[in-house]
Amino acid sequence: MRFDRFSSPLGEPYIAQIEEIPFYHFLPGDTVLVLEVPGCPLHCAYCDRVPLARSQDWSPYEPSRVAETVANLAGEPGFAGIVWDGGEPSLHWDNVVQCAESVHALGRKVGVATNGGVTADLLADTPGTVDMLLVRFKGFAEETYRALGAPPGTLASSRALVEQALGMGIHVELMLDIARQSQQQEQEYADMLKWILQDLRRSVPLHLRAIAPEHGFTIREGPIMPFLENLVESARRQHVGFVYLSNCHGHFFNNTMCPNCYSVVIDRTTSPLDLSFVTDGKCGQCGTDLALTLEQETL
């Protein structure tokens, strides 16, 4: 399905599986309409979307046109709503809020993927705007963010955002860029796991994104794979519930496993997803809660 350009000529809105964002624990198997925005406060050397990140070519999305498209898609089985991506949606927050109102009026969901531009205060000042939030961490040390040209305090701000969102009842998933195989990378990852265990919930999903431009950011094999796999195993030894290799397509560690009995409850090598091993958001084998949002509310 194709759509008219609602906004700038950077690209058209497009339909994607919600797992592609990635959201693995919010309405798994559903689709979303992705709205992209330009601009980003970070300057990552490995950025795979430079034209979008550096562009200033922008005009707001029209809430009425977004609503019209969402209404047309609402009849499609498993259509969840919209997700703002980019770029950095916080740079156009007024537009996000306006369109969210029109989408929520149709009984659909609104997600935002942020590189740290959305703040806890911004979220608190606009309650009810966001249903699902993906917070992308570029590292877990202030010096890592300084190297990317981030404003001071970006890491602390992102941490505060996650804590605020969880407190507001928003579904949150995390992403951590793995740019290299090093002791520093391992330490930042360990610090992030400690934060999840002590300050968040061990069931908050964490996606590890391997930075590999030479592979088009989609990795199936290579020398970094054992390092990534060891990171996932480290999280499991510490009883962090859900850690994924979300851009290592086809890998076993993209499946959702029960953190108690280790049964595969969602196999992401199949399409459509088979949710028959999930019962009311719990593992069908042992009854452990899987921190899933499964039912789409409609008007």
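Rules behind the numbers
- Residues numbered from 1 in each chain as written.
- Predicted model: local features only at pLDDT ≥ 70, side-chain atom pairs only at ≥ 80, totals over all residues.
- Heavy atoms only, no water.
- Helix = DSSP H or I, 4+ residues; strand = E, 2+ residues; numbered from the N terminus.
- Rg over C-alpha atoms; globule rule 2.2 N^0.38 Å.
- Buried < 20%, exposed > 50% of the residue type's maximum accessible area, 1.4 Å probe, protein only.
- Contact = heavy atoms within 4.5 Å.
- Axes fitted to C-alpha atoms, helices over the stretch in contact; angles between N-to-C directions.
- Parallel < 35°, antiparallel > 145°, perpendicular 65-115°, else oblique.
- Left-handed = near helix turned anticlockwise from the far one by under 90°.
- Nonpolar A, V, L, I, M, F, W, Y, C, P; charged D, E, K, R; others polar.
- Phe/Tyr/Trp six-rings, centres within 6.5 Å; stacked < 30°, edge-to-face > 60°.
- Lys NZ or Arg CZ within 6 Å of the ring centre and 35° of its normal.
- Core = buried A, V, L, I, M, F, W, Y, C linked by side-chain atoms within 4.5 Å.
- Pairing = 2+ DSSP bridges.
- Polar contact = N/O pair within 3.5 Å; in protein donor to acceptor, adjacent residues only side chain to side chain.

Engineer: Report on the overall build of the protein, specifying residues and quantitative values.
Structural biologist: From N to C terminus, the protein includes eight helices and 12 strands. A compact globule built from 299 residues should have a C-alpha radius of gyration of about 19 Å, and the protein, at 18 Å, falls within 12% of that. Viewed in the frame of its principal axes, the protein has a C-alpha envelope of about 50 × 45 × 35 Å. Expressed as a percentage of its 299 residues, the buried residues of the protein come to 54%. When contacts within the protein are restricted to residue pairs at least 6 apart in sequence, long-range pairs at least 24 apart make up 64% of them.

Engineer: Talk me through the packing of helix α7 (residues 183-199) against helix α8 (residues 225-237); I want residue IDs and the actual numbers.
Structural biologist: Contact geometry of α7 with α8 gives a least axis separation of 11 Å together with a crossing angle of 25°. Considering their axes alone, α7 and α8 lie roughly parallel with respect to each other. The chirality of how α7 crosses α8 is right-handed. In contact with Q185, E186, Y189 and L193 of α7, α8 contributes F227, L231, V232, S234 and A235. Here the contact of α7 with α8 is built from residues that sort into six nonpolar, two polar and one charged.

Engineer: A description of the packing of aromatic side chains should follow, citing residues and the corresponding values.
Structural biologist: One pass over the structure, following the stated rule, counts six aromatic pairs. Taking the centre distance of 5.4 Å and the plane angle of 85° together, the rings of Y61 and W84 count as edge-to-face. Within this pair, whereas Y61 is found in the loop between α1 (50-54) and α2 (63-73), its partner W84 is found in strand β3 (residues 79-86), the two being separated by 23 residues in sequence. Given a relative accessible area of 5%, Y61 falls into the buried group. On the basis of an interplanar angle of 55° and a centroid distance of 6.1 Å, the ring pair of F252 and F253 is categorised as tilted. Taking relative accessible area as the criterion, F252 reaches 44% and is therefore assigned partly exposed. For R268, the ring lying beneath its charged end belongs to Y24, and the centroid distance is 3.9 Å.

Engineer: Now, about the nonpolar core: what can you tell me, with residues and values included?
Structural biologist: A general trend in soluble globular proteins is that nonpolar side chains are found buried together. Membership of the largest hydrophobic core comes to 66 residues, with the highest contact counts inside it found for W84, F137, L174, L206 and L208. Ignoring sequence-local partners within four residues, the contact set of L206 consists of L174, M175, L176, Y189, M192, L193, I196, F242, V243 and Y244. In this structure, I18, V32, V34 and M132 belong to the second largest nonpolar core, which totals 14 residues.

Engineer: Before we move on, could you go through the pairing of β3 and cite the residues and values that matter?
Structural biologist: β3 sits mainly inside the fold: eight of its eight residues count as buried. The pairing of strand β2 (residues 31-37) with β3 spans seven bridges and is classified as parallel. When the sheet's bridge partners are listed, T31 is paired in β3 with F79. Inspection of the sheet shows β3 paired to strand β4 (residues 109-114) by four bridges, in the parallel sense. Bridge pairing in β4 places G81 opposite K109.

Engineer: Run through the side chain of T154, naming residues and quoting values.
Structural biologist: Within the secondary structure, T154 sits in helix α6 (residues 154-167). With relative accessibility at 9%, the residue T154 sits in the buried group. A distance of 2.6 Å separates the side chain of T154 from the backbone oxygen of P151, its partner in a polar contact. Once residues lying within four places of it in the same chain are set aside, the contact partners of T154 are E142 and Y145.

Distances and angles like these do not, on their own, reveal function.
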